[in-house]
Amino acid sequence: MAVETRVLTENALTDVIGELAALRITVFRDWPYLYEGDRAYEERYLAPYLTTKEAVVIGTFDGGRLVGASTGIPLKAHDNEFAAAFARTEIDTDRVFYCAESLLLPQYRGQGIGHRYFDLREAAARAQGLSLSAFCAVVRPQNHPQRPTTCRPLDGFWRARGYAPLEDVVARFSWKDIGDVDETWKRLQFWVRTL
């Protein structure tokens, strides 16, 4: 059966919300997030996608199995920590669509699915009359001990899609890294493009 990527309707999303939570934990366990996942937290985090009509969730399925997903939501409907990063800018956050995450199991990467995720989220943002699309990515030091030697930054992919980092627009968010006892604060750099 062919791999299929589609926007999930409310009922379809409800059916896979547990799988989506598990997928976030699996994918974000890898570099650069190194996230020690928590299923209860994931389900709370994803709850707004079930109740916010402007949110979009895209699923990639191989047969009936969820192998990838991408989410987006107007920035004003997301966590305040993210909107607060724009406080010192002239950007009207009511006009920003936040491309939250793109998750894809490694064996499905490099097949154009990442582009499809951006296409569908940007189309949703335009349909809502929003003029900017933004996302953020964790910033890790170059000499981080867990940085893989084969690490390939996604900056080139993002720039090819028209995104650029916003100078000094950084969110702070905490989570527990793999093997750590406590959560630590991380910096997440915002990237943006005009739609």
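Please read these numbers as outputs of a predicted model, since none were measured by experiment. (Residues numbered from 1 in each chain as written. Predicted model: local features only at pLDDT ≥ 70, side-chain atom pairs only at ≥ 80, totals over all residues. Heavy atoms only, no water.)

(A) Fine view of the pattern of salt bridges. Under the counting rule described, the total for this entry stands at 11 salt bridges. Glu4 is the salt-bridge partner of Arg6, the closest N and O atoms lying 3.0 Å from each other. Among the residues examined, Arg6 registers a relative accessible area of 32% and is labelled partly exposed. The salt bridge involving Glu122 is made with Arg161; its shortest N-O contact spans 3.1 Å. (Salt bridge = Lys/Arg side-chain N within 4 Å of Asp/Glu carboxyl O. Buried < 20%, exposed > 50% of the residue type's maximum accessible area, 1.4 Å probe, protein only.)

(B) Seen up close, the packing of helix H1 (residues 10-28) against helix H2 (residues 39-51). The N-to-C vectors of H1 and H2 enclose an angle of 135°; their axes lie 9 Å apart at closest approach. In this view, H1 runs oblique relative to H2, as classed from their interaxial angle. Seen from above, H1 lies across H2 with right-handed handedness. Residues Leu13, Thr14, Ile17, Gly18, Glu19, Leu20, Ala21, Ala22, Arg24 and Ile25 of H1 pack against Arg39, Tyr41, Glu42, Glu43, Tyr45, Leu46, Tyr49 and Leu50 of H2. Residues of the contact of H1 with H2, tallied by class, amount to 11 nonpolar, 2 polar and 5 charged. (Axes fitted to C-alpha atoms, helices over the stretch in contact; angles between N-to-C directions. Helix = DSSP H or I, 4+ residues; strand = E, 2+ residues; numbered from the N terminus. Parallel < 35°, antiparallel > 145°, perpendicular 65-115°, else oblique. Left-handed = near helix turned anticlockwise from the far one by under 90°. Contact = heavy atoms within 4.5 Å. Nonpolar A, V, L, I, M, F, W, Y, C, P; charged D, E, K, R; others polar.)

(C) Main features of the pairing of strand S5 (residues 132-139). Judged by how many residues are buried, S5 sits mostly within the fold: 7 of 8 residues are covered. Relative to S5, strand S4 (residues 96-104) is paired through 3 bridges, and the arrangement is parallel. When the bridges of S5 are listed, Phe97 appears paired with Ser133. Each parallel crossover has a hand, and for S4 linked through helix H4 (residues 113-127) to S5 it is right-handed. Relative to strand S7 (residues 184-194), S5 runs antiparallel, the two being bridged by 8 bridges. (Pairing = 2+ DSSP bridges. Right-handed = clockwise from strand over helix to strand, strands pointing away.)

(D) H4, seen in detail. For H4, spanning 15 residues, the distance from its first C-alpha to its last is 21 Å, which sits close to the expected 21 Å at 1.5 Å a residue. Within the sequence span of H4, burial applies to Ile113, Tyr117, Phe118, Leu120, Arg121, Glu122, Ala124 and Ala125. Following H4 by one or two positions, Gly129 adopts a phi angle in the positive range, close to 80°. (Expected span 1.5 Å × (residues − 1).)

(E) Looking closely at the side chain of Lys186. By the secondary structure assignment, Lys186 is in strand S7. Side chain to side chain, Lys186 and Asp177 meet in a polar contact 3.3 Å long. At 2.8 Å, the side chain of Lys186 and the side chain of Thr184 are in polar contact. When residues no more than four places from it in sequence are discounted, the contact partners of Lys186 are Val138, Arg140, Ala171, Arg172, Phe173, Trp175 and Asp177. (Polar contact = N/O pair within 3.5 Å; in protein donor to acceptor, adjacent residues only side chain to side chain.)

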